[in-house]
Each structure stands twice: as C-alpha cells, then as structure tokens.
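Residue-level structural notes
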Number of protein chains: 2
Amino acid sequence: MRKSLLFLLVFSPALSFAQNTPDENLVQYVRPIIGTQRMGHVYPGATVPFGMVQLSPDTDTIPYEQNGKYNPDVYKYCAGYQYDDKTIVGFSHTHFSGTGHSDLGDFLIMPTVGELRMNPGVASQPGSGFRSAFSHSTEVAEADYYKVKLEDYNILAELTTTSRVGMHQYTFPSSDNAHIILDMVSGIYNYEDKNIWTFVHVVNDTLVTGWRQTNGWGRTRTEYFALSFSRPFIEYGSRNYSKKQVYRGFWGKFDQNHNFPDIAGKQIRMYFNFRTHEGDKIKLKMALSSVSTDGALLNLRTETPGWDFEQVKKQGQDWWNRELSKARIDAGRDEKENFYTSLYHAFINPTVYMDVDGSYRGLDQVNHKAEGFSNYTTFSLWDTHRALHPLFNILEPTRNADMIRSMLVHYDQSVEHMLPIWSHYANENWCMSGYHSVSVIADAIVKGNAPFDANKALDACIATSTHRDFMGLGAYIDKGYVPAEISGTSVSNTLEYAYDDWSIAQAAKKLGRMDVYAAYMRRSQNYKNVWDPSIGYMRPRLADGSFKKEFDVLSTNDQGFIEGNAWNYSLYVPHDPAALIGMMGGKQQFVRHLDSLFTMELPDKFFAETEDITRDGIIGNYVHGNEPSHHVAYLYDWTDQPWKTQERIRMILTKQYRNTPDGLGGNDDCGQMSAWYIFSTLGFYPVAPGSDQYALGSPAINGAVLHLENGKEFVIEAHGQGEKAVYVKKVLLNGQPLTRRYITHEEIMAGGKLVFYMSEKH
Amino acid sequence: MRKSLLFLLVFSPALSFAQNTPDENLVQYVRPIIGTQRMGHVYPGATVPFGMVQLSPDTDTIPYEQNGKYNPDVYKYCAGYQYDDKTIVGFSHTHFSGTGHSDLGDFLIMPTVGELRMNPGVASQPGSGFRSAFSHSTEVAEADYYKVKLEDYNILAELTTTSRVGMHQYTFPSSDNAHIILDMVSGIYNYEDKNIWTFVHVVNDTLVTGWRQTNGWGRTRTEYFALSFSRPFIEYGSRNYSKKQVYRGFWGKFDQNHNFPDIAGKQIRMYFNFRTHEGDKIKLKMALSSVSTDGALLNLRTETPGWDFEQVKKQGQDWWNRELSKARIDAGRDEKENFYTSLYHAFINPTVYMDVDGSYRGLDQVNHKAEGFSNYTTFSLWDTHRALHPLFNILEPTRNADMIRSMLVHYDQSVEHMLPIWSHYANENWCMSGYHSVSVIADAIVKGNAPFDANKALDACIATSTHRDFMGLGAYIDKGYVPAEISGTSVSNTLEYAYDDWSIAQAAKKLGRMDVYAAYMRRSQNYKNVWDPSIGYMRPRLADGSFKKEFDVLSTNDQGFIEGNAWNYSLYVPHDPAALIGMMGGKQQFVRHLDSLFTMELPDKFFAETEDITRDGIIGNYVHGNEPSHHVAYLYDWTDQPWKTQERIRMILTKQYRNTPDGLGGNDDCGQMSAWYIFSTLGFYPVAPGSDQYALGSPAINGAVLHLENGKEFVIEAHGQGEKAVYVKKVLLNGQPLTRRYITHEEIMAGGKLVFYMSEKH
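Here the residue index of a chain counts from 1 through its sequence in written order. Whichever chain is written first becomes A and whichever ligand is written first becomes 1, with later ones labelled in order. Given that this is a predicted model, residues contribute local features only at a pLDDT of at least 70 and side-chain atom pairs are listed and counted only at 80 or more, while totals for whole chains, interfaces and linings are drawn from all residues. In computing side-chain properties, one takes all heavy atoms of the structure into account and sets aside hydrogens as well as water.

Observations concerning the interface of chain A and chain B
For the record, the criterion: Note on contacts: a residue pair qualifies if any of its non-hydrogen atoms lie within 4.5 Å across the two residues. Buried area is understood as the total, over both parts, of accessible area removed when two parts are fitted together, assessed with a 1.4 Å probe. In what follows, salt bridge is the name for a side-chain nitrogen of Lys or Arg lying within 4 Å of a carboxyl oxygen of Asp or Glu. Whenever two N or O atoms come within 3.5 Å, that pair is a polar contact, provided that in protein one can donate a hydrogen and the other can accept it, and provided that, for residues adjacent in sequence, both atoms are side-chain atoms. Starting at the N terminus, helices and strands are each numbered in turn, a helix being any DSSP run of H or I of at least four residues and a strand any DSSP run of E of at least two. Note that Gly is not counted as nonpolar here; it falls among the polar residues with everything else outside the nonpolar set of Ala, Val, Leu, Ile, Met, Phe, Trp, Tyr, Cys and Pro and the charged set of Asp, Glu, Lys and Arg.
With 52 residues of chain A at the contact, the number on the chain B side is 53 residues. Around 4,700 Å² of area is buried between chain A and chain B when both sides are counted, 58% of it from carbon and sulfur atoms. Applying the counting criterion to the chain A and chain B interface returns 2 salt bridges. Of the charged contacts in the structure, one is a salt bridge between B:Arg219 and A:Asp262, with a shortest N-O distance of 2.9 Å. At the boundary of chain A and chain B, one finds 11 residue pairs in polar contact (both at pLDDT 80 or more). Listing elements by their share of the side of chain A that touches chain B, those giving two or more residues are strand S13 (195-204), strand S14 (207-214), strand S17 (262-265) and helix H3 (293-303) of chain A. Residue contributions to the side of chain A that touches chain B peak at 6 residues, all from S13(A). Class assignment for the residues of the side of chain A that touches chain B results in 25 nonpolar, 14 polar and 13 charged.

Have a look at this one:
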C-alpha cells in the first residue's frame, strides 16, 4: 500500500496521501505507555491536549527523604508511575510529563473492598495497605483513557478526563464493604512537611470539596478540588496523620473521625463507604482549580454536567484526533506510534491553568482573570525553548501566543520583575540556567506569531536579562562572563545568556529597535569569553580573568556546566555556528571534533555522573537524553559534510526513540525530547530559535502533511526514504531545487511542498 | 455642678442635660488602659469602632507550649499586653478584646536603632533582643491613639488606625542604623507550628505585601497585608527561622537573605533599614484584608491615601465621639471613665471583616462579597448574647442586624449547616457551649430589629438546634437532657439549650409559626430534666435517667458545668425565673439561696478552679467574672425583695468595675462584661434576650440620654442617686408610675423618659 500511495503522491501533486485517509483515527497510534519505564518519566494516564488534569496511576508515592537523607528512588517517580512496578497505590490528578525533578500528584483516589485500609502500605508486602497488585495484561493506556484491573480487589478502574475534570469509573464486585479512599497525604516528591495544609468539606453525600497546599518545587502551591460521586456514599470518615494537631476545639463537639464534614490538617486521608452489587459502577468526577473550591465546582458543572463516561472519553479522544491531525504522516505503524506518541507528549504541556471563566492564581498568589487569552503553566523553558515552542509556532501558533501572554502576566506578577525561568502552578521554581523565556518570545516575534504586545514583551526580555542579582548576571553584564566563583554552572550560564541575548537582538531587530539590537548582539558574543583557545574548549573562568586550573572536559560535576560537560557545551553557540567553527579551527577540525563526540568511548564515571538519562541515552559522548546537545547533530550542516547530519539524526531517531515502555532514553522534559523527534522525523530542526531558519536533516518517514491554522498545508515528501536510505540527494521546494541547507518559517507557513530525494549513499 | 444640673433636669423636662453640653468630647473619658492589668485581657492600643485593625503593643509573645507542655503564662497574653510588664516587643495589628483563649497578634512591627537584632529576646534579659523597655509614665492610651517611648532606642512610637489600616509614626533619634522589624513569627497564643505559612513580597522600596496563615484557635486562618512606608528603605532583608526549608531552588539563584523581594516560609522576620536624623518621623501604614494582598492594597489606598497621622487620629477620635454620644450620661468623672470605657469596649467587637469593596473570606474559605450589608467576625456568642447584642439592639440596631446577616452567611457557608458558636476570621472555633446565635437572632426578631430575612433566620436557628451530632444534641432531643456520659459539661449544655430553645420559640411566635413555637416551648422546659429535687440543684444525669452519684455543688471541674458550678448554674433558667423559683421551693427559699450565693465563704480550692477571673471577680460564690450568673442579681426582681437586686447590682458595679488598669475583675469577653456594666448603670438589664423586657435594677448615674438611630431620645433620670442611695422608691415612665419591675424594648425605642427616685433605704 505504501508504494501505491507513494505513486499517487508523486504523480498527483494536488492530492496528498493524507487526504486519501481522512478518517483514519490517529488516536490509535498514541501509546502513552511508551517511556513509562525507567527514564522517560512520562505517565500513562488520561489527559486531553494541554489539559489541566492529568489523571494517572501512581505505582508508588515514596518520601523524598528517609531518616533525613535524600532517597534516590524518589527520582523514579517524577511522573508517579514506573512500568516495572507491580502495584498501584491509586490515581492522582496532576502529573508532570517527563521532568527530572518533580511535584504534584494531587488528590490520590483508590477504590478498595473488604477491610478498610487507610495506609498505602509498601510494595514489598502485598496486602499491607490499600495498594493493589496489577498486571500490564489488563492495562490499557490510550490518549485520554486508562484502564486497569486492581487485582487485590477485583475492581476494574477506568479513567478519562476533560480539561479540568478527571472522571473515574470503577466497576466493583459485590461487597458490603466497598470504599473510595481520598488520600491527601500522598504526593509526588513528598518531602516531609511538604503538605502545608489540606482542607476537606463534605458538602453532601455526593459532593466533597477541598484543597491541598504544598511547599515543594512549587514553594507556595495550592490546588483546589470538587469531587462528585455518581451515587451517595453511606458513610464516610477521615484520619489525620499529622504529627501534631494544634487546636482541639472540635474535640468533644463532634466525632471528627466519622461523618464529620469539616476536616483540616496537614496529613489527611478520607474514606467513603458503599455497598455494591457485582458489576456496579461507581463514577467520580474530580474537578480542579487554582483559584478556589467554588472555581472547581464551576469547572465541574461546566465541563462534566452528566455521568456518561463513554461520552467524556469520546470527546477527549476526538479532541486528540483533531490535534494530532495537524500532522498526518505516511509511515509504517511503528513510526506512526513513535510519531503520534511524540506529538501526544508534545501536546500535553504547558498545561491550561485557569478555570472555565478564566480565573487563575497568579504568581503573586492573587486570583486573576485571563482576559482575551488562555493562561498556561508548567514552563520547563530550559528544555522547551529549543524545539517544543518552535513546533508550536508551526502547529499551535495560537496556543504559543497565549503561552507567551501567560509568561507576560507572570512577568507582571513577578516581584523580581522577571519572565519565567521554570514556572509551574503559580510558582517560579528557578530550575536550571539561562532566561529562555526570551528565546520563546523572540522566536514568536521573529516568525510573525506575535499577536501580543511585542514591544512590551521585548521590554520584559530586557528587564529579565538585566536583573543583576540573578545568578551571576551582574558580573556577566560587567565582565562578559559569569565568573566561576559565583556559580558552579558559570560556563553554561554564560553560553546560555549569550544565546538568549542573541535571540533578544533578533526580536529587537524585527521590531525596529536597533539600539537594543546592537546592545544585545554585543552581549551575544560573550560566548567567546569562556573559550579557552589553549585547550579548544569552553572553560570556567575566574573573576580575575584567568581560567580555572582544575578542569575535566568530560565531567559535569561542578565543572561550570549543567546537564552536559565541556565537550558538549563547547558546541553550544547555536546562534553562530559559523563563528564557532572558525573559533574551533575551521570546518575540518570541527567535523573531527563532532565525529569524536559521537564515537568516543567514555570512562564509567561519566555515566554515573550524567543526570536524567539511561546509558542508552548516550551515544559516545553525545547525550541525547539531556538537551544542551539537541542542536549538535545539525551542526554538520555548517560544514562540508551535511550528510553526517543526516546520518547522525537517523541514528539518534532509531536509537533514542522506540515504541516500547522503555523507548525513551531520557526524560521527555515536558515534550522537548518529543519535539526533537517530530522535527527531525519531518526532516528539519530549529537550531537557533529566534532565527526563522530550520536546518535540514533527514526525513524518517515517507511523507507528511502539516495542516496549518492559517488553512494552508505544508507537504513533505521523502522519495525513496528507508532504513538505509537516510541521505538527502536533492531537495525541491515547491518544485524548485533548494540549494541552501535550511528552509524558512515563512516558507512553511505559506503552504507548499518540500520534496526530499533520498539515497542509501551520501 | 451636678446639683444645679439635676435641678435643671428635674424642673425642665424638655431640656435634657446632654443637650446642655453638646460639645463635650466623650473620648476624654475613654481609658483603654482600664482592664489591661491581670484578668481583663483588653488591649490598650488603637482601634476605631468595630475596626478590622486593632493596633496595639504586645509586651510579650510567648509560646503556648514549652518543652511540649502547656505554658500557663500564655493566658496572660490573650490581648498581647500585660500592664505589669516592663518591655514591649512590638506593635501588632489584630487583637481580641477580653477573651479567655486567644489567637491573632498578626504582623508585629518594631522600630529599633543600633545593632540589628532579629530576635525579640526575653524580658528578663534587657538588650537580649529587639524588645525595648518602656514606662507607663510616657504611655498614653486613648481611643484610637496610643503613644509610648521605646526607651532602649529613644524612639517615640505613636499608633492610630482607620477601620482597615494601622498607622504607625515613629520619631527616631539620629542613627545610621535605624530599622523597622516586621516579625511574622510572632503571634498571640503561638503554638509551635502555629504558623502554617507566611509570605512576603517587597514590591518596591516603600511597599511590602504578604500574608500569614495560621492553625490556632482559628484552624485555617489567613490574614493578608499591605505595608507602606512613608520613605524608602535603604536596604532590607529576611531571616527564615523555619526548622526545615524544603525547596532549595532559590538558593544559588539569588541571595535570599538580602534585598531579595520574594520570601516565604513558616517563620519569617524581615528588616528594613534607614538612616535617620534626630526627630525624623518614619510612618507606616499597614492595611489588612481577609481576601488577598490586592484587597489589602485596595483598603490601604482607599482609607489612607495620605500620610497625615494627626488627621487619621482625629478622624478616628471623631468617630469614637459620635459612637459614644449615643449615650450621654450625667455622672462624675470616675463614673464617666468607667461608663465610656465600657461603651468603648462594647463597641470594639464584633469587628468588621471585609474589604472596602465588601469582599471577605467566608467560612468555606472562599472569597465572597457582602452585598447590602457589612460583614462582621469575632462572635463570642456564649458571652455576648447575654447583654452585648441586646445593647446593640438599642444603640446599634443597624450594626446588630448586619451582625446577624453575617451569622446567616456563616450559616450558608457552614458545611455543618450551623449558625456560629464562637467564630472568628473565617473559622468556627466551637468554643463554649450552647448555640447562642439563636438568642441573638430571636432577640432582634422579637424586638422588631429584623430587616434581614427573619423566616430564613428562624430556619437557620432550627437547623442549628437540630444538628444531632453536635455536643449531645441528639440525646438532648431524644431524652430531654444531655447525658453526663456524653459531655463533661452536660448540665450547662442542657440548660443553655433549653434557654436557647425558648428564644427560638419567641421568634417563631413573633413570626406566626406556631408549630415551631409549640415545639420549642416544649424543648425550653428541658431544664427541669437536670433538676435533682432531692438536693435542690441542677445535677449531671446519666443516660439511664439516674443522677450522677459523685457530685460537688461547688466544683466546676468535670462536674457537668462550664465556667460555673452547680450553685450558679442552678439559677440558669433566665427564660422562666418564676418557674425556677417554684421549683426551688418558693420565693422565700429562693431568696435564701440567692443571699447565700453572694455571702457564703468558699474553700480555697474553688478559687484555684475558677477560670478567667481574679479572686476579686468573686463575691461569695457569685462569679461576676464569668457569664452564667450575669442575670442572677436581677432574679430578686421575681421575688418579694427586689431591693436586693438594686443593692447587689450596685455592689457588683462598685466591686467589679474600677477605672484603673486592674479595674476589671475578669475577662471583658468581647464586651459582655462592659455591656453588663452599661445596662446596669443605666438601671435595667435584659435577663432573657428573646424577651422584650428589661428587668429594672438600680441606676448608678444621675441621668442619661440615649440617642437612638430612629431619631428618638430615651431619657433616664435617677433622682437622689448616690453611693448609698441605691434603692429605687418609685419609677415614672413618661410621667406615669411604673408598677411593674421591667420596661419593654418598645418603650425605649419609642423615646421617652424613665425617672427613678432613689433612696438610701429600701
């Protein structure tokens, strides 16, 4: 079939293949289970595109610390679920997708029968708590649908969501002793004392509201809920696991543990009891809000007025199909599973962060209303500025503009007067280096996707990049680099600031603010200040101007870098590869450097040090599982050997992405890894967001049609593409030979056709 | 002068004395220092009538527990200030007036010079912290104005307020090292871990916002602030005293301790540095809100647009004068000081609890808007239903109706579907017994002060009084009394429920709901069910109907009573004294019982057990410092010896109220003790709120004019009244002899004149 389809494509240019299969439901290719084993840190549960609720099983909820010491196992549970686990503790409503540090896991729900157990127990002791064994054989994970049998209780659990409501459907056995547990002690990255406060009101026998306030990665984070039951519970109660309960005024006035509707404390679990017949379905709707329990109720009533689980699931999957249809590809099933699961992971976050009426909790902890835009949160910008937001500028430009509007209100609400660094849920967590909001904003401005106030946005970029108190910025402004004394990641900081500054310059140029352009182009050259020509690497530099003596180009620990060593970061001048190549001794020497990156054999200690990736995530000294090298394979395009870009890209696509639970070699990082896959599979990549150019690589599918929001279609064809046919012999853009190694954003958005002719030989 | 005035009064009935001195500023008679020594538990600081801010010095802020044990000294600091203390730790913005348990003390401010000290230190070690010595010789406490010299720093501190803003004026010496400390660790009744969370944003160099969330008497209480400085601080910083700080994301990105504007944690203190010349005044405006920092900012900008301290003070004192002028009395200076200080204490609480736009935090922890009424909080109803709210029905009827509207929104927001028991700051603290909201509501309905939805209010009373899970109510409904097994205060509960039920019946009758009337009149007879005729006392009764064997009529500890023993509580049938007298063996025996109450000598252990009062607060076995006996002296009115009411009342007035720091023999209890004083001084008292009758006592002044909101005047004259002339020989109402021993509410509100003719002989 592929051949005949290809025939049609080649000879009927007006009739794209995608149009031949308009009804193919792309949801079938989404396999949320991909990446749930080991380092992917994605979750298999239910969510709609950019949904505020991520309802997913947690296989463990272990403490961040044990006996006062960091518990390294907590890292496995960044997304709550590990594929190799044998038990599920419950289903919670908020999850990050692919992060390497974590938070959330709010409002864990667990259905049980038999003796009431209020403690989750431990995995190694079956029956020690309310957790249940499960098996992958009964597990179904689809876009916005998850199903599993809870074996200890013979309960079939099903989950689906709307944007702000998680819907549960539990099919019970016959029991006089059926329970729904609401565990507010549970959470992801549960520090001791992470719960600041929890609060529950049992409004009536089918409605419960409340909130959880935590001090974790989000320092001051509050999530509100409204939980509706499809049938009345017979009785209910609570346990307070707080070490200390201060006020005893309630005691003696009420039995607080049983049928008492007004519960608050630091560590609360609730139970709700039912009697069930065999096959009885108890359904739950859990609505979230960042604003108030009233906001959650509004979301509940607006998004899920009824109890038809199948309808909610269908709505969610139809929505996914519409979103996924923005890129219809011609490829085999494995490739489609990889591609559409990547697109799914790319379209999970940033997440909507407002009630249906636009209300949301701001960074200033005040409730605001989003006027004229949708407010988003979860900005993992160190990761996602590279490819995810550029992908949005093509496939989700309206959302991307709203994400930038969300960054701008963050800026307005920031008492530091800064754009987000890594922000989530009304909190700035300050994670990672650089100020990459500016890249996202500049990319949108340069690419003409700036319906927001672009000059105000540029002002915010300038304010952010001139905050002298922020992580060495004062010294960077004065000296042109961050001195090693100030920061353990001084070189990463310098290089990332320099790139970010270049992106600010590009936006300024587009807006005609040439003084800003000139100033920031000067700053963008600062990468040169941490280049040590004597060794040919970027290197930490002290305040006195000398380079730091002790230095290991392979190590990442406290060597001036973050999630990358000098080898990798020395290639981090995405905005000026030509100059970098010159600095590194010219094209030939540069190619040798790149080649050795991909082929060298590393000492074991290097693997031990490298964060957030499996050993599979490393190719030679190239670490695909971490982001600083995501542009590196494309740098061959700036040399005389672009075929090596094509070869390396295909090798990375094959080695680093598989449609299996362990198919992701590193954290998906809120969609950045997936966005890399999508771009690279389509045959081009944004090496330097803020530029309107995409470097050409090697398309790994037979063809694709991008259905753009402006109504245009951009068609990609890869003639003769195959496992070995990875080399690009010729490229036609709209029928004309393309002699440059990039296409522009304007060319894509204008609609048209990009045809690659592939070969097994370079 | 008094004589000539009396002459005028007697012979010129159309010309009341008050009209002769229309310009006398009554603020001169308010001495907030009265009751600040020992048990009064009032505060000397600044507040406007019913003000949301109570800005007052705290002389210590000691922990509720030390080494895990209750620290009995904390009780002294219910209002933050103890007259005998020698040091002040600072000035905080929220204080209860006269309570016997406590909370609040939010946002302590302390100005200092010299070495920066961030710890309050201890009183016994001068210079050990930022606290300062002070002397009463430099202290001035007026209505809405407080001044003191902070001797350690030679700083003159002055305080005044608007309803929602506390204004500080600190006159500094010359110093290069002047500081304002903002202590958010400090608080009243500071349990370990009472602070759930605190949050500070330094918005700019003159504006700071934030909040404090506590788990104390108010289980889930949050107070927001906006703090404005009259001049920019040079630098600022914070200390985090939390035992544990979870997220370290900020660290390395910023120096969090110095000039970093974004601070959060459990235990935070801030400092703000200045350079001052001799005599420089640094002024602060601290606005509060229950809603948000934005709400506090709104309050700040609306109520205090400028920086004129004297103007704010004058506004506040003018307001006080207007409120106090509602009762103009003819009396000596001492009596006026007692009277107007009592009126001041009566008009302090309940306190306004909403922003200038009507927004307030509801009991459901959701922000609401008060539409068409002012929202109030701090309902110490076990105390204040007795005389304070009845006083409001005369002098503050509009406010009293709004207080009831506030109770009704509390009811709407209550997940228990109950009216307030003891509520403050969006929390129900459930303190004390009974459900006395119903008394306040019934009193207003019966007295025709019910512009609210009276039928809905009655429904709320019914719902509250039929909540079977509440403190023995189910058994009370079934058996007619609270069994001793259920509650350690079973007799108090039964008696108070019975009275409350009677008040519900009265409201129902007024509203024509005769079925409710009948049912609640039946319930009102339940006091008979805890009467043990074999001993002639109310007595704890077991579920099986038998009376509890072990029983001490003098003891209060776990004997079935609260803040009163069997002796006192056996007289607690305020709604049916005649029946009580009959039950107790007739008038003669009843008089003997009453007489012995006032004259008996008690064993020492009784004093040790009695809460909330000094030994001076006890007359025989009559405990005026606690409320259950407040009606008792008036019960002689139902016997043949009403002159004993007159005599006892005057004795109590003299012994229990003095215009000295130690002038209150017990907790003022949010104005109840003061309201008792005001009524009794005027010559009548509401023995059973819910009745429209006031029992006549013995007026302790020469005369009074009550200026009513309806424009009428009610004039009281006491001819021949004097220290010994305490007996009422004759009463004329509007010129007609009054042969009954009460007047009605209608008679007061119609305006008119009540003339007592006093004598030294009964």
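Let's talk about the pattern of salt bridges
Residues and elements named next belong to chain A. Rules: For every residue, the accessible area (1.4 Å probe, protein chains only) is compared with the maximum for its type, and the residue is labelled buried under 20%, exposed over 50%, or partly exposed between those bounds.
Counted under the stated rule, the structure contains 64 salt bridges over all chains. A salt bridge links Asp-103 to Arg-221; the shortest N-O distance between them is 3.6 Å. Separated by 118 residues along the polypeptide, Asp-103 in the loop between strand S5 (90-92) and strand S6 (108-113) and Arg-221 in strand S15 (residues 221-229) bring together distant segments of the chain. Note on accessibility: Asp-103 and Arg-221 belong to one class, buried. For Lys-314, the salt bridge identified is with Asp-318, shortest N-O distance 2.7 Å. With Lys-314 and Asp-318 both in helix H4 (residues 309-324) and 4 residues apart, the pair spans about one turn of that helix.

Focus on the sheet that holds strand S38 (residues 742-744) of chain A
Residue and element names in this part refer to chain A. We apply this condition: In this description, strands pair whenever DSSP reports at least two bridges between them.
Spatially, the 3 strands line up as an open sheet ordered S32-S33-S38, and their pairing is antiparallel. Bordering the open sheet on either side are strand S32 (684-685) and S38, each of which pairs with just one other strand. Summarising the sheet, S32 and strand S33 (residues 693-696) pair through 2 bridges and their orientation is antiparallel. Note that in S33 the partner of Tyr-685 across the bridge is Ala-695.

What about the sheet that holds strand S9 (residues 145-150) of chain A?
Residues and elements named next belong to chain A. Here is the rule: Interaxial angle, 0 to 180 degrees, is taken between N-to-C directions of lines fitted to C-alpha atoms, where a helix line uses only the stretch in contact.
Read from one edge to the other, the open sheet built from 9 strands follows the order S8-S9-S10-S11-S19-S15-S14-S13-S17, with strand pairing classed as antiparallel. Looking along the sheet, the strands with just one partner apiece sit at the ends: strand S8 (140-142) and S17. Neighbour-to-neighbour, the strand axes of the sheet open up by a mean angle of 15°, direction not taken into account. By the bridge criterion, 8 bridges tie S14 to S15 in an arrangement that is antiparallel. Bridge pairing links Thr-214 to Arg-221 in S15. Here H3 sits on the sheet and contacts strand S11 (165-171), S14, S15 and strand S19 (281-289); the angle it forms with S19, its principal contact strand, is near 125°.

Here we look at the relation of the copies chain A and chain B
Inclusion rule: Alignment of copies: least-squares fit on C-alpha atoms of residues with pLDDT of at least 70 in both copies.
The transform that puts chain A on chain B rotates by 180° and translates by 0.0 Å along the axis, for an RMSD of 0.0 Å. Here the symmetry operator amounts to a two-fold rotation axis. Among all C-alpha atoms of chain A, that of A:Ile196 lies closest to the rotation axis, at 3.0 Å. Taken together, the interface assignments show that 100% of the residues at the interface of chain A recur at the interface of chain B, consistent with an identical surface on both copies.

Describing helix H8 (residues 397-413) of chain A
Since the α-helix advances by 3.6 residues per turn, residues separated by three or four positions end up pointing in the same direction. To be explicit about the condition: Expected helix span is taken as 1.5 Å per residue step, with the number of steps being one fewer than the number of residues.
Here H8(A) is 17 residues long and its end C-alpha atoms lie 24 Å apart, about the 24 Å a rise of 1.5 Å per residue gives. For H8(A), the tally of buried residues reaches 14 of 17 residues, placing the bulk of the element in the interior.

Digging into the environment of B:Ala454
Along the polypeptide, B:Ala454 turns up in helix H10 (residues 454-465). Here the alpha-carbon distance between B:Ala454 and B:Leu542, two residues 88 residues apart in the chain, equals 37 Å.

A closer look at helix H13 (residues 514-524) of chain B
All names here are of chain B. Stated formally: Taken from the helix axis, the directions to the C-beta atoms give the arc we talk about.
Buried within H13 are the following residues: Val-516, Tyr-517, Tyr-520, Arg-523 and Ser-524. For H13, the angular spread of buried residues about the axis comes to 125°, placing them on one side. Residues of H13 that are exposed and angled more than 90 degrees away from the buried face: Asp-515 and Arg-522. On its buried face, H13 sits against H10, helix H11 (473-479) and helix H12 (490-510).

As for the state of the cysteines
Note the following rule: Here, two cysteine sulfur atoms that lie within 2.5 Å of each other are counted as a disulfide.
Going through the model one piece at a time under the given rule, you end up with 0 disulfides over all chains. Between B:Cys670, a free cysteine, and B:Cys78, which holds the nearest cysteine sulfur, the sulfur-to-sulfur gap is 10 Å.

A closer look at the packing of aromatic side chains
Aromatic rings considered in pairs are described by the distance between their centres and by the relative angle of their planes. All names here are of chain A. Selection rule: Note on ring pairs: Phe, Tyr and Trp rings are taken, using the six-membered ring of Trp, and paired if centres are within 6.5 Å. Classes follow the plane angle, with under 30 degrees stacked, over 60 edge-to-face and the rest tilted.
Considering all chains together, one arrives at 105 aromatic pairs over all chains under this definition. Considering the side-chain rings of Tyr-29 and Tyr-340, the 5.9 Å spacing of their centres and the 25° angle between planes classify their relative orientation as stacked. On the criterion of sequence distance, the pair formed by Tyr-29 in the loop between helix H2 (17-20) and strand S1 (56-58) and Tyr-340 in helix H5 (residues 333-346) is long-range, its members being 311 residues apart. Note on accessibility: Tyr-29 and Tyr-340 belong to one class, buried.

Some thoughts on the environment of A:Ile618
All names here are of chain A. Tracing the chain through its elements places Ile-618 in strand S30 (residues 618-619). Under the relative-accessibility criterion, Ile-618 is labelled buried at 10%. For the pair Ile-618 and Ile-652, spaced 34 residues apart in sequence, the C-alpha to C-alpha distance is 9.7 Å.

What to know about the packing of helix H7 (residues 388-395) of chain B against helix H19 (residues 672-682) of chain B
Residues and elements named next belong to chain B. We apply this condition: When describing relative orientation, an angle under 35 degrees is termed roughly parallel and one over 145 degrees roughly antiparallel, while 65 to 115 degrees is termed roughly perpendicular and anything else oblique. In this scheme the crossing of two helices becomes right-handed for a clockwise turn of the near helix relative to the far one and left-handed for an anticlockwise turn of less than a right angle.
Direction vectors running N to C along H7 and H19 enclose 55°, while the axes themselves pass 8 Å from each other. Considering the angle they form, H7 stands oblique to H19. Judged by the twist between their axes, the crossing of H7 over H19 is left-handed. Two secondary-structure elements touch here, H7 through Leu-388, Pro-390, Leu-391 and Ile-394 and H19 through Gln-672, Ala-675, Ile-678 and Phe-679. Residue composition of the contact of H7 with H19, grouped by class: 7 nonpolar, 1 polar and no charged.

Structural notes on the packing of helix H16 (residues 587-599) of chain A against helix H18 (residues 642-656) of chain A
Residue and element names in this part refer to chain A. In the contact formed by H16 and H18, the axes pass within 12 Å of each other and the chain directions differ by 15°. With respect to H18, the element H16 is oriented roughly parallel. The crossing of H16 and H18 is left-handed. Of H18, the residues touching H16 (which contributes Val-591, Asp-595 and Phe-598) are Lys-644, Arg-648, Met-651 and Ile-652.

A closer look at unusual backbone geometry
Residue and element names in this part refer to chain A. Cis geometry is adopted by the peptide bond preceding Pro-350, which originates at Asn-349 and carries an omega value of -5°. With respect to the helices, strands and loops of the structure, Pro-350 is situated in the loop between H5 and strand S21 (351-352). Within the chain, Leu-104 stands out as a residue other than glycine whose phi angle is a positive 75°. Structurally, the position occupied by Leu-104 is in the loop between S5 and S6.

Points about the pairing of strand S35 (residues 713-719) of chain A
Residue and element names in this part refer to chain A. With respect to burial, S35 is a largely interior element, 6 of its 7 residues being buried. With 5 bridges joining them, strand S34 (residues 703-707) and S35 adopt antiparallel strand pairing. Bridge pairing in S35 links Ala-704 to Ile-716. In terms of strand pairing, S35 meets strand S39 (residues 752-759) through 6 bridges, oriented parallel. Counted as the bridge partner of Ile-716 is Leu-754 from S39.

With respect to the pairing of S34(A)
All names here are of chain A. Where burial is concerned, most of S34 is hidden: 4 out of the 5 residues are buried. Where strand S20 (residues 327-330) and S34 come together, 4 bridges link them in antiparallel fashion. What sits directly across from Asp-330, in S34, is Gly-703. What sits between the antiparallel neighbours S34 and S35 is a turn of 5 residues, in which Gly-711 has the positive phi angle 90°.

Here's the deal with the confidence of the model for chain A
All names here are of chain A. Here is the rule: A score from 0 to 100, pLDDT tells how confident the predictor is in each residue.
Mean pLDDT over chain A works out to 93, with 94% of the residues at or above the 70 mark. Counting interchain partners and residues more than four positions distant, the pLDDT-below-50 stretch residues 1-20 has 30 contacts. Predicted complex, confidence summary: ipTM 0.93, pTM 0.95.

A word on the environment of B:Asp640
Residues and elements named next belong to chain B. Looking at the secondary structure, you find Asp-640 in the loop between strand S31 (622-623) and helix H18 (642-656). With a relative accessible area of 56%, Asp-640 lands in the exposed category. Residues Asp-640 and Leu-116, 524 residues apart in the sequence, show an inter-C-alpha distance of 70 Å.

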